[in-house]
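Single-letter residue listing:
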Amino acid sequence: MKLTLKDGSVIEVENGTSAEQVAKSISEGLARAALVAKVNGELVDLKSPITGDSTLEILTYRDEEGREVYRHTASHILAQAIKAVYPAAQLAIGPATATGYYYDVDLPFAITMDDLVAVENEMKRIIAADLPIQREVVSRKAAMAQMQGYNEVYKMQLIEELPARSKITFYRQGEFVDLCRGPHLPSTGKVKHVKLIQIAGAYWKGDEHNKMLTRIYGVAFEKKSEVEEYLTKLAEAKKRDHNKLGRDMQLFMTEERIGQGLPLFMPKGAKMIQTMQRFVEDEEARRGYMLTKTPYMAKSDLYKLSGHWDHYRDGMFIIGDQVMDDEVLALRPMTCPFQYMIYKNGLKSYRDLPCRYNETSTLFRNESSGEMHGLTRVRQFTLAEGHIICTPEQLEEEFKGCLDLCEYMLNIFGLHDDIFYRFSRWDPKDKDKYIQEPKKWKEAETTMKTILDDLGVKYVEGIGEAAFYGPKLDIQSRNVYGKEDTLLTIQVDMFLAEKFDMTYVDENGVKRTPYIIHRSSIGCYERTLALLIEKFGGAFPLWISPEQVRVMSLTERTAEKCESIKNELSRRGILATSDVRNEKIGYKIREAQVDKVPYMLIIGDKEAEQNLVSVRHRNDDMGAMTFDEFYHMIREEIDTKKIN
């Protein structure tokens, strides 16, 4: 048979030859480095026989997919070590992640990081043993019997959910056997360096009604220096974690008696949100958007019409079962159906389109407790939401305008370099999640792909990540730990205008159905603030800082002058405070630095007499200048939205 290699060369080998054998025939170096193979685009174990003419890629640690299999194999080594140290443990699942891996396990007792030392040492022993990893394929019945023999109840649940005639794959390393579809590395010794880094709780299958399991996180690298580098970055990430830093800086807090996923914004955090909202709304107005204000709740009738009741009800807060006049009310998870009703208030002509609505929307989504974290995933949030109703001919230009707005906002807030694009498509196999109209889905996805390609957007594809009513361009970001979240989204909708009987009269006097674009300009304010906290480590650009200037007295004699300067700055729109306590100036400066105040003005007798201000910019002494010089300097920095 013929094998076409990654470099385009073609070699002839015997039918049934494995990728491992091919690697050896090419070079011993490649054979030693090989981790996994890709045959006709599908990842397979190195030892898997190849049948028929095929394309072959031999992947090493240099390839992202190779590193992912490397990490996944490490998770199985972790599972084997857990069973060796804690034989009573029940194993659940253990995938690779973007930066490492984890394994969920049901333990009869709580463990600490100190307990993981023994588990990590056992992992190192398994790696040193260089156990061959072998794939075994069995029937569903045989798989169930095997897991019953090991008394692995979570594995049995997973097998029960598979079709009756499924072929089940196990992977064996020494005496340890685990349920997995693979692929894996050829042996445990291929994994070089491991480190266990965290313990957390996780509900089985992410459902808060299920049992809470112990989740053990780890990392695996080829070189020891990579482990040390990762641990250094992790320590830095913990310092920047918005969930800690945002609380330390008194930007937000939570309260058990109020509820999980319901953050309280303290004065500084509230001021930042207000600054962001005002800027976003003003910019949207400049781009032709019309502001709306709609209710926080509606009857179930509206959500049934939009499709949310059928496709999104589990994510909504229903207000009781029945209320007055047998009406069922629910808090809104998004604003689109409300703005559609505004559009329908009066006949629209093609001259009225595009019709751009925007709203700073308070929304409610019933997130499970296991999913919520700080400000990145909450139950009540505020979205810079917008909907454009346009003709088919206007669709591409309007989409381009949405993308331009998003990129402008990301640049202004200093987040543009930290994002990537995902074309989120539907999964026709998921009958419950999506409107089942394949023809319209094909039309919508084809149209959107054409637009993205015309605009030169570089994207990855995400099957099953579309909204239930249409494909979307998701602008993705990662937090300090590498976890991926959607920051902004632009969606093409070819379904809901027809459902809501939204029309316009074209130039020939014929009623037609418009297209709809759903978009956000800066996303969820809570999540964006979380990213800003982590991006800048709390040292925000001046224009968005909740405290821009702190005026400090050097002696009690200059306290009155400090208050006068602070008041004048406030009158001119600067967020200024004063510190006239009877404390040493060094103490006051250190405190302001801890609070990450952008500018400090120090007023001593000399400054008061000569009408000067002594200026410090966080850690740098800028010397003395007149009040007007200082004001014009910071005013320009604020007006230009300068990123430090």
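Our structure's up above, just so we're on the same page.
I will try to describe carefully the structure that is included in this document. Fair warning: this is a prediction, and the values are worked out from it, not measured in the lab. (Residues numbered from 1 in each chain as written. Predicted model: local features only at pLDDT ≥ 70, side-chain atom pairs only at ≥ 80, totals over all residues. Heavy atoms only, no water.)

Points about the sheet that holds strand E24 (residues 484-493)
Here is step 1: Across the sheet, which stays open at both edges, the eight strands sit in the order E15-E19-E20-E27-E24-E23-E21-E22 with mixed pairing between neighbours. The open sheet has two edge strands with one neighbour each: strand E15 (290-291) and strand E22 (459-463).
Here is step 2: Those strands touched by helix H13 (residues 395-412) are strand E19 (355-364), strand E20 (380-390), strand E21 (419-425), strand E23 (472-478), E24 and strand E27 (515-524), and its axis lies near 0 degrees from that of E27.
Here is step 3: Along the sheet face, helix H14 (residues 438-454) touches E21, E22, E23, E24 and E27 and points at about 155 degrees away from the line of E21. (Pairing = 2+ DSSP bridges. Helix = DSSP H or I, 4+ residues; strand = E, 2+ residues; numbered from the N terminus. Contact = heavy atoms within 4.5 Å. Axes fitted to C-alpha atoms, helices over the stretch in contact; angles between N-to-C directions.)

Things to note about the sheet that holds strand E17 (residues 318-319)
Here is step 1: Read from one edge to the other, the open sheet built from three strands follows the order E16-E18-E17, with strand pairing classed as antiparallel. In the strand order of this sheet, the two ends are held by strand E16 (297-299) and E17, each with one partner.

Some points on unusual backbone geometry
Here is step 1: A cis amide bond links Gly-182 to the next residue, Pro-183, at an omega of 0 degrees.
Here is step 2: Checked against the element boundaries, Pro-183 lands in the loop between strand E10 (176-179) and strand E11 (193-203).
Here is step 3: Cis geometry marks the peptide bond from Leu-353 to Pro-354; its omega dihedral reads 5 degrees.
Here is step 4: Inspection of the secondary structure puts Pro-354 in the loop between helix H12 (336-343) and E19.
Here is step 5: Despite not being glycine, Asp-501 has its phi angle at roughly 55 degrees, a positive value.

Comments concerning the nonpolar core
Grouped burial of nonpolar side chains is what soluble globular proteins tend to show.
Here is step 1: By size, the foremost hydrophobic cluster in this structure holds 73 residues, and its most contacted members are Phe-399, Phe-413, Phe-540, Val-549, Leu-569, Leu-601 and Phe-630.
Here is step 2: The element that contributes the greatest number of residues to this core is H13, accounting for nine residues.
Here is step 3: Setting aside chain neighbours within four positions, we find Phe-413 in contact with Met-276, Phe-279, Ile-522, Leu-532, Phe-536, Trp-543, Ile-544 and Ile-643.
Here is step 4: Ranked by size, the runner-up nonpolar core spans 39 residues in total, among them Leu-59, Ile-77, Tyr-86 and Ala-220. (Core = buried A, V, L, I, M, F, W, Y, C linked by side-chain atoms within 4.5 Å. Buried < 20%, exposed > 50% of the residue type's maximum accessible area, 1.4 Å probe, protein only.)

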